[in-house]
Amino acid sequence: MKRWVLVAGGPDGDAAFGWLESLPDVEARRADALEGARLEQADGVWVHGPVAPARGVVEWLRGGGRMLCTLEAALLPSALGLEAVAPDDRSDTPWPSIPPIGPLPPRLGLACFGPHPLLDGLGRAAFTWAPAPGDRLRRTAYHATRPAASRIVAVERSGTVPDPARTVAWEQDVGAGGVLCIGAFVVPDAADPLCRPQLEAVLANAILGEAIPHEGRSATAAAWPAPGLRAVEEPAMAVPSLPALGPSLPSSSSPLRLEGPATDAAWTLAGRRLVALGREDAGLVEAWAHPVRLLAGVHWEAEVVPGSVAAAPEAIDREGRVGGATVRERWHVPVELPALIWEVEGAAGQSLAFTVDLRRAWPAPPGAGGDLRFAVRPDGGAVWVCDGAGARALVAIEGGRLAVRAGHGPAVEVIARPGDAARIVAVAGVDEPDLARGLAGLARRGLAGLAAQRQQHAEQLRRHGTALRCPDDRLTTALEWAKVRMDAHLAGTPGVGRSILAGYAAPDPARPGRTWYHGPDACWTALGMLATGERDGPRDLLKFLAQSQDATGRVPHRVSTSGFADFDAADATPLFLYLAGRYAAWTGDVEFLRRWWPSLLRAYRHCLTCDRDGDGLIENHRQGHDWLRRGPVAALGLSFHLAGGWVAALEGLEPVAEALGFSDLASELADRALAAREVATRRFRSAEGWGTAIDPAGVLDSRATALVAIPVLLGLVLPGEAGAWLDRVESGGFTTPWGVRLLERADPRFDPADVHAGAVSPVLTGWVSLAEWRAGRPEAALAHARLNAALPFERTRGGFDEALDGLERQAAGTCPDHAAAAALTAQPLIEGLWGIVPDALAGTVRVSPWLPPEWDAMALDRLRVGRTSLTLEARRRPGGHVVRVRRTYGPRIHVALGRVGAPPAALSVDDVPLGGAVARFDAEGEHEVIFHDA
């Protein structure tokens, strides 16, 4: 039992004490002043609001006491002589009336530099107060100054980007005890309870956890370093050696290699720890070793005349003229190491420049890692750079020299002068051991080993993942590139986790490193991975989202590679639940889901709290946005596609709960799904068809959008009820020759450059294709699938754009390599074209292929359902169709095989006539099903 005393008065003190009393294993007392708190009988004291100092407090702390100071009480350390610099930013002013942007009101909170026990269970940032009109902003913080004896725990967060100039939480060791100050956004009696769960979690981490420093604290407690302002050379510093990597290798012979004249298109090359970003006409632009930027602003100092470029899963090759010389470049990125290998031929006499700044990915503020230190090897063969937080980089050159100087701000400027054959190797680490592991990996494998590992990885995706064989080579190649791109977005950051990134954006000075471990987008990516037989990515994503839940049970909308999370997506948590159900249907891996079942239950219970009006549907209102983050169509109340995701999540979790032995919960899920389905189809139905959103006042927006695709593909809208919408979305108002717009061109809200108002989205195009497959419109479905399949051949070689202009066939977004766009290219070609419906929990799979009239045959190799792998072959024959099913691995599986279109006059399985339109049999070896036409 822990003994805590609250020193506070007023209504907020009453609220604080009521919460403190409710904590388990806490014996709570209350005092009006520190003088009467009887500290000798307490393990900890929480001082809230303005309180005078008292004698004996410092001695009590030195003896092991813990003190939490909130709001004006954050002045106590300086009043007690523990801190020489008092907080300079003090306010107690009315909160200005600020209208909400989107479905959520303004919120304020804390952001830590790295892991800290104050935000355990909340990521590295948390909103703790949602101010309401009439509230007062009480803040005791550092703004123009920094504490002298205390470590900065958290800075202010009022949006996505933390404000490093305003310190709102700091801590100090005092003998065997310590002090934690939180000078703002601790409002126990807040009128708006939206952020109360997060505030209570923060306070519980202080009262019950290890947030307050003390002797023996074992938890990692990162502190904000002083903002970086410069780079300082340290000539005496020993520069690590780069291991010899061996000779250069021949160009990639991958069958997916795409080559041609260089354009201004982007290219990306990614491994688990590093992504290189470039342009075909300019070469490499920058490289990020998550979470830091390794190289920036890369450019040749002489004029560059573009030549040719070849992109393969293993490497990027480029040839052009630099300063009149023909220069060949090749970039390698190892599968697992935070390293970049850059080979250059023919560049003798030329020079290239770049910057090493170790800048952490946005939204971490500039200079977050502190000042830089650097050293260069006397022979100019390598440069070593380290920041104040321990991140470090080594850049070395073979066959050339490096010249180095301090740049503007915390940056090191490097000039590389390669010889006729040179190799630049850049390696980074979040700390010294991480860098050492990277160097050891380079030494152990060498270039030949790293290239072989990368090639083997690419071959594994190609040879072991699900593959399509058909007369349309573009479809088969696009599917292979989709597998490569989805896999390339599975990444990891030490201290943050391993999960699926949303996409790789072009370099952006305003938001450097703007890629995220995503919630909703990554769930859609994982669904594509499952369809192609890949399971590591979906597993890693489910685990990551489960571990990243906040105090309410909701999962994050996104987490930056620098560790900052936000939870502002209303669809993230139901999609997490839906993915868990689909993972079970594809894999049958209930033991993995059993391990994370408590997290799934927390997410489910959170979703139930989002139904504020009790109608069975979860709402956007005060929960966050959905796929439409902003724009004229964004739902502030309730969206139809969110309702579709919720119903699908309930239906998908029911068999999982049953398989895990939770029959009562399974029945509850089934009942809720039925009720939610009835309410959704009734409330969103309109005279014009289906509406997109219902505002907080209950008014339906019945204007058509392409987002009705989600309720259709997820089965909320039955095919017979979607006819008018399907006709409309297939027309030229929605569908362009390069994809589907969100809004019709004639809609007054249409904006061709905004993906949330009228730009073409390949993700949306894929959803529409899946909806059309489900609704029995195969011609339209395949036509839309082909639009996405054209993407890898048009701009980024092998890449899938996030958005295209709504009026012109050109990119409209900042992300030329988007994982969910790749997934929504793959999924329609497997689940749609072949009509695959897996149920690994029941040991069955339903297959309903559609053989296009212009094709004589097609095949699907290595379809994985549960532990079984199947090969399917469909071909036309006089008077009907033949489908061969061959079990190539694993236990037998029950197959229900039909076909799209008119039912057959008769069918047979292995020459045995059957009645009906669907052949049902256990696949044990090879089987032949013949569908006879009338």
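For the structure itself, look to the data block above.
Conventions and cut-offs
Residues numbered from 1 in each chain as written. Predicted model: local features only at pLDDT ≥ 70, side-chain atom pairs only at ≥ 80, totals over all residues. Heavy atoms only, no water. Helix = DSSP H or I, 4+ residues; strand = E, 2+ residues; numbered from the N terminus. Rg over C-alpha atoms; globule rule 2.2 N^0.38 Å. Buried < 20%, exposed > 50% of the residue type's maximum accessible area, 1.4 Å probe, protein only. Contact = heavy atoms within 4.5 Å. Areas by Shrake-Rupley, 256 points an atom, 1.4 Å probe, with all protein chains shown as cover. Lys, Arg positive; Asp, Glu negative; His and termini not counted. Charge placed at Lys NZ, Arg CZ, Asp CG, Glu CD. Pairing = 2+ DSSP bridges. Axes fitted to C-alpha atoms, helices over the stretch in contact; angles between N-to-C directions. Parallel < 35°, antiparallel > 145°, perpendicular 65-115°, else oblique. Left-handed = near helix turned anticlockwise from the far one by under 90°. Nonpolar A, V, L, I, M, F, W, Y, C, P; charged D, E, K, R; others polar. Phe/Tyr/Trp six-rings, centres within 6.5 Å; stacked < 30°, edge-to-face > 60°. Core = buried A, V, L, I, M, F, W, Y, C linked by side-chain atoms within 4.5 Å. Polar contact = N/O pair within 3.5 Å; in protein donor to acceptor, adjacent residues only side chain to side chain. Expected span 1.5 Å × (residues − 1). Salt bridge = Lys/Arg side-chain N within 4 Å of Asp/Glu carboxyl O. Arc of directions from axis to C-beta.

**Looking at the overall build of the protein**
Helix and strand content of the protein: 18 helices and 51 strands. Computed over the C-alpha atoms, the radius of gyration of the protein is 30 Å, within 12% of the 30 Å expected from 2.2 N^0.38 for a compact globule of 934 residues. Out of the 934 residues in the protein, the part that is buried amounts to 62%. Looking at the protein alone, contacts between residues at least 24 apart form 65% of all its contacts between residues at least 6 apart. Accessible surface, the protein as shown: approximately 33,100 Å² in total, 51% of it carbon and sulfur. Separation of charge centres in the protein, based on 95 positive and 111 negative side chains, amounts to 2 Å.

**Topic: unusual backbone geometry**
With an omega dihedral of 15°, the bond running from histidine 290 to proline 291 counts as a cis peptide bond. Note that the residue after tryptophan 362, namely proline 363, is joined by a cis bond; omega there is 15°. Considering the arrangement of structural elements, one finds proline 363 in the loop between strand 22 (352-356) and strand 23 (372-376). If you check the backbone angles, aspartate 25 has positive phi at about 60° while not being a glycine. Considering the arrangement of structural elements, one finds aspartate 25 in the loop between helix 1 (10-22) and strand 2 (26-31). The class of aspartate 25 is exposed, set by a relative accessible area of 56%.

**Here's the deal with the sheet that holds strand 11 (residues 177-182)**
Within the open sheet, the 9 strands sit side by side as 2-1-3-4-11-10-9-6-7. Their pairing is mixed. Of all strands in the sheet, those with a lone pairing partner are strand 2 and strand 7 (125-129), marking the two edges. Within this sheet the neighbouring strands show an average axis-to-axis angle of 25°, counted without direction. As paired elements, strand 9 (residues 151-157) and strand 10 (residues 162-174) share 6 bridges and run antiparallel to each other. Within strand 10, the residue paired with valine 155 across the bridge is threonine 167. Along the sheet, helix 1 contacts strand 1 (2-7), strand 2 and strand 3 (44-48); its crossing angle with strand 2, the most-contacted strand, is approximately 160°. Packed onto the sheet, helix 4 (residues 196-207) meets strand 1, strand 2, strand 3, strand 4 (66-70), strand 6 (108-112), strand 7 and strand 11 and runs at close to 110° relative to strand 7.

**A word on the sheet that holds strand 33 (residues 565-566)**
As summarised here, the arrangement of the 3 strands in space is 31-32-33, forming an open sheet in which the pairing is antiparallel. Sheet topology places strand 31 (516-518) and strand 33 at the edges, where each strand pairs with a single neighbour. The pairing of strand 32 (residues 558-560) with strand 33 spans 2 bridges and is antiparallel. Paired with arginine 558 across the two strands is aspartate 566, which belongs to strand 33.

**Observations regarding the packing of helix 5 (residues 432-464) against helix 6 (residues 473-488)**
The interhelical angle for the contact between helix 5 and helix 6, taken along N-to-C directions, is 130°, at an axis separation of 9 Å. Accordingly, the angle class assigned to the pair helix 5 and helix 6 is oblique. You can see that helix 5 and helix 6 cross each other, and the crossing is right-handed. Contact with helix 5, carried on its side by His457, Leu461 and Arg462, involves Glu480, Lys483, Val484 and Asp487 of helix 6 and no other residues of that element. Per-class residue counts for the contact of helix 5 with helix 6 are 2 nonpolar, 1 polar and 4 charged.

**Regarding the packing of aromatic side chains**
Scanning the entire structure with this criterion turns up 18 aromatic pairs. Ring centres of tryptophan 19 and tryptophan 46 lie 6.1 Å apart, and the angle between their planes is 85°; this geometry places the pair in the edge-to-face category. One end of the pair, tryptophan 19, is in helix 1; the other, tryptophan 46, is in strand 3, and 27 residues separate them in sequence. Note on accessibility: tryptophan 19 and tryptophan 46 belong to one class, buried. For the ring pair tryptophan 627 and tryptophan 767, a centre distance of 5.2 Å and an interplane angle of 70° mean the geometry is edge-to-face.

**Quick notes on the nonpolar core**
With 164 residues, the main nonpolar core has Leu577, Trp767, Trp834, Ile836 and Leu897 as its most contacted residues. Take this core: its biggest share by element is 11 residues, from helix 12 (residues 640-659). Each residue touching isoleucine 836, except ones within four places of it in the same chain, is listed here: Trp586, Ile830, Glu831, Val845, Arg846, Val847, Leu860, Leu863 and Leu872.

**Overview of the side chain of glutamate 171**
Checked against the element boundaries, glutamate 171 lands in strand 10. Reaching out from glutamate 171, the side chain makes a polar contact with the side chain of arginine 217 at a distance of 2.8 Å. Contact partners of glutamate 171, with chain neighbours within four places excluded, come to His116, Ser150, Arg151, Val153, Val179, Leu180, Ala211, Pro213, Arg217 and Ala221.

**Section: the side chain of threonine 525**
Along the chain, the position of threonine 525 falls in helix 7 (residues 520-531). The class for threonine 525 is buried, based on a relative accessible area of 1%. When sequence neighbours within four positions are dropped, the list of residues in contact with threonine 525 reads Met486, Ile500, Ala819, Ala820 and Ala823.

**Observations concerning helix 4**
With 12 residues, helix 4 should reach 16 Å at 1.5 Å per residue; the first-to-last C-alpha distance of 16 Å fits that figure. Of all 12 residues in helix 4, 9 are buried; the element is thus mostly enclosed. By the burial criterion, the buried members of helix 4 are Gln198, Leu199, Ala201, Val202, Leu203, Ala204, Asn205, Ala206 and Ile207.

**A few points about the environment of glycine 183**
Among the structural elements, glycine 183 can be located in the loop between strand 11 and helix 4. The sequence separation of glycine 183 and alanine 857 amounts to 674 residues, and the corresponding C-alpha distance is 70 Å.

**Overview of the environment of threonine 476**
Turning to its location among the elements, threonine 476 is positioned in helix 6. By relative accessible area, which is 15% here, threonine 476 ends up buried. As a C-alpha pair, threonine 476 and glycine 631 span 155 residues in sequence and 36 Å in three-dimensional space. Aside from chain neighbours lying at most four places away, what touches threonine 476 is Leu468, Arg469 and Cys470.

**Let's talk about the pattern of salt bridges**
Taken as a whole, this structure holds 67 salt bridges when the rule is applied. Ionic pairing is found between aspartate 472 and arginine 786, a salt bridge with its closest N-O pair at 3.1 Å. Placement of the pair is aspartate 472 in the loop between strand 27 (467-469) and helix 6 and arginine 786 in helix 17 (residues 778-789), with a sequence separation of 314 residues. We classify arginine 786 as partly exposed; its relative accessible area is 28%. Note that glutamate 651 and arginine 677 form a salt bridge whose closest N and O atoms lie 2.7 Å from each other. On the criterion of sequence distance, the pair formed by glutamate 651 in helix 12 and arginine 677 in helix 13 (residues 663-683) is long-range, its members being 26 residues apart. Using a relative accessible area of 31% as the deciding quantity, one classes glutamate 651 as partly exposed. Sharing partners across several salt bridges, the network here consists of Asp89, Arg139, Glu156 and Arg166.

**Some points on helix 15 (residues 723-730)**
Within the sequence span of helix 15, burial applies to Trp725, Leu726 and Val729. Down the axis of helix 15, the buried set is contained in an arc of 100°. They therefore lie on one face.

**Notes on the pairing of strand 24 (residues 382-387)**
Moving residue by residue along a regular strand, the side chains alternate between the two faces of the sheet. Within strand 24, 6 of the 6 residues are buried, which leaves the element mostly enclosed by the surrounding structure. Burial along strand 24 is two-sided: Ala382, Trp384 and Cys386 facing one way and Val383, Val385 and Asp387 facing the other are all buried. In terms of strand pairing, strand 23 meets strand 24 through 5 bridges, oriented antiparallel. Within the sheet, the bridge partner assigned to phenylalanine 374 lies in strand 24 and is valine 385. Counting the residues in the hairpin turn of strand 23 and strand 24 gives 5 residues, including glycine 380, whose phi is positive at 70°. Both strand 24 and strand 25 (residues 392-406) contribute to a ladder of 5 bridges, which runs antiparallel. If you follow alanine 382 over to strand 25, its bridge partner there is alanine 396. Between strand 24 and strand 25, which follow one another and run antiparallel, lie 4 residues, and glycine 390 among them has a positive phi close to 105°.

**Quick look at the pairing of strand 17 (residues 292-300)**
Of all 9 residues in strand 17, 7 are buried, a share of seventy percent or more. Pairing of strand 16 (residues 283-289) with strand 17, which is carried by 3 bridges, proceeds in the antiparallel orientation. Considered in strand 17, the bridge of tryptophan 288 is made with arginine 293. Between the antiparallel neighbours strand 16 and strand 17 lie 2 residues.

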